[in-house]
Amino acid sequence: MAVCSAVRFRLIQSRSGVRFQSRTVHSSQTSLSTVGIRENLRAFPGGSIDLKKRESGMAVITINNPARMNAFSGSMMIELEERVHELETWSEGKGVIVQGAAGTFCSGSDLNAVRAMANPQDGIKMCEFMQTTLTRLLRLPLISVALVEGKALGGGAELTTACDFRLMTSGGVIQFVHKHMGLVPGWGGASRLVRIVGSQNSLKLLAGAKMVDPEFGKQIGLVDEVLHCSSGERNTLDQAEQWLSQFIKGPEAVIRAVKRVVLSGRELPLEEALTAERNVFGTVWGAPPNHNLLGLKLRY
């Protein structure tokens, strides 16, 4: 049985903070080089991944392919990586909301691309590409929120787990439908799901392809808040922005530092996490926001 390669990350420490750098550990049976994967994905165009960055430090990513319930075409997978890269280099950023267009979140992969890449080698390359992209999304120094309106199915459900928080409208649904297609999650969704809801609940959701509505989602800890919105996409997004704003108030350096220490605590062994926390602390201690918020005058 073909298995995706592990994408390992090592901690990079610098005076500006901490970040993670990826390196791929190749399978002994199959070469998993991503050379050529972008060309393969570009052969399946359609839809778009739209990014809007605002002066407030909040950004919105929109999965935009409503004709296919916002399923990812090949070109959209490439665009998502590009949008994530834009956010990685956006020094003023503090938060990002991921939403779907036209009242639904995302139905996973476009089946045209899936059928065309049915051989195990191409499937594993696509899996590796999306694993890495979603891991980078989760590791952004921004606080991220998935706004689940309508259905988040398959790869769309996996995408929700690549955000720090999940908001759901009253009619929203998250469902890991992979079992019904003879598959398991391949974009890192299973690994992230276990860390969010635990192994027992993950087994229920994956083995049972159980439909998660807002009430059940809050019960197991997959959903952080249920939004009760009147009709209209703008109203839903307004509420999501208001919800996120409580966590991104303040200087961007401080918000980004908070995300970094949580990230290191979540993913690193304790001793390494403690070292990372000290290093991040050193980037904000004595900095202008620290002095301003404490009402102190700078001294040299």
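Residues numbered from 1 in each chain as written. Predicted model: local features only at pLDDT ≥ 70, side-chain atom pairs only at ≥ 80, totals over all residues. Heavy atoms only, no water.

Within an unreviewed UniProt entry, the label attached to the protein reads Ethylmalonyl-CoA decarboxylase, and the organism entered is Triplophysa tibetana. According to the UniProt record, the Sequence similarities (unreviewed entry) comment for the protein is "Belongs to the enoyl-CoA hydratase/isomerase family." (UniProt positions renumbered as here; feature names shortened; annotations may be inferred.)

**What to know about helix H2 (residues 74–88)**
Look at H2: 22 Å from first C-alpha to last across 15 residues, which is about the 21 Å you get at 1.5 Å a residue. Buried within H2 are the following residues: Gly 74, Ser 75, Met 76, Met 77, Ile 78, Leu 80, Glu 81, Arg 83, Val 84 and Leu 87. Where H2 is buried, its residues meet helix H1 (37–42), strand E3 (48–53), strand E4 (58–64), strand E5 (95–100) and helix H4 (120–138). (Helix = DSSP H or I, 4+ residues; strand = E, 2+ residues; numbered from the N terminus. Expected span 1.5 Å × (residues − 1). Buried < 20%, exposed > 50% of the residue type's maximum accessible area, 1.4 Å probe, protein only. Contact = heavy atoms within 4.5 Å.)

**A short note on the sheet that holds E4**
Ordered in space as E3-E4-E5-E6-E8-E10, the 6 strands form an open sheet in which the pairing is mixed. Since the sheet does not close on itself, it has two edges, and those belong to E3 and strand E10 (225–227), each with one partner. Neighbouring strand axes in the sheet, compared pairwise and without regard to direction, differ in orientation by 20° on average. Pairing of E5 with strand E6 (residues 143–148), which is carried by 4 bridges, proceeds in the parallel orientation. Pairing of Val 98 across the sheet is with Ala 146, part of E6. Sitting on the sheet, H2 touches E3, E4 and E5, and the angle it makes with E3 is about 15°. (Pairing = 2+ DSSP bridges. Axes fitted to C-alpha atoms, helices over the stretch in contact; angles between N-to-C directions.)

**Examining the pattern of salt bridges**
Taken as a whole and assessed by the stated rule, the structure comprises 12 salt bridges. Between Arg 54 and Glu 241 there is a salt bridge, with the nearest N and O atoms lying 2.0 Å from each other. One end of the pair, Arg 54, is in the loop between E3 and E4; the other, Glu 241, is in helix H8 (residues 233–245), with 187 residues separating them in the sequence. Judged by its relative accessible area of 27%, Arg 54 is partly exposed. For Glu 241, a relative accessible area of 13% gives the class buried. Counted as one network, the salt bridges with shared partners bring together Arg 139, Asp 164, Lys 259, Arg 266 and Glu 267. (Salt bridge = Lys/Arg side-chain N within 4 Å of Asp/Glu carboxyl O.)

**Digging into the environment of Thr 275**
Structurally, Thr 275 can be placed in helix H10 (residues 270–284). The class for Thr 275 is partly exposed, based on a relative accessible area of 26%. In this structure the C-alpha to C-alpha distance between Thr 275 and Ser 264, which are 11 residues apart in sequence, comes to 9.3 Å.

**Focus: the nonpolar core**
Core analysis: the largest hydrophobic core is formed by 47 residues, its most contacted members being Ile 63, Phe 72 and Ile 174. Among the elements that make up this core, the one with the highest residue count is H2 (6 residues). Excluding its chain neighbours within four sequence positions, the residues that come into contact with Phe 72 are Ile 49, Ile 63, Met 77, Leu 80, Cys 106, Gly 108, Ser 109, Asp 110, Leu 159 and Trp 187. Ile 143, Val 145, Leu 167 and Trp 243 belong to the second-largest nonpolar core, a separate cluster that totals 14 residues. (Core = buried A, V, L, I, M, F, W, Y, C linked by side-chain atoms within 4.5 Å.)

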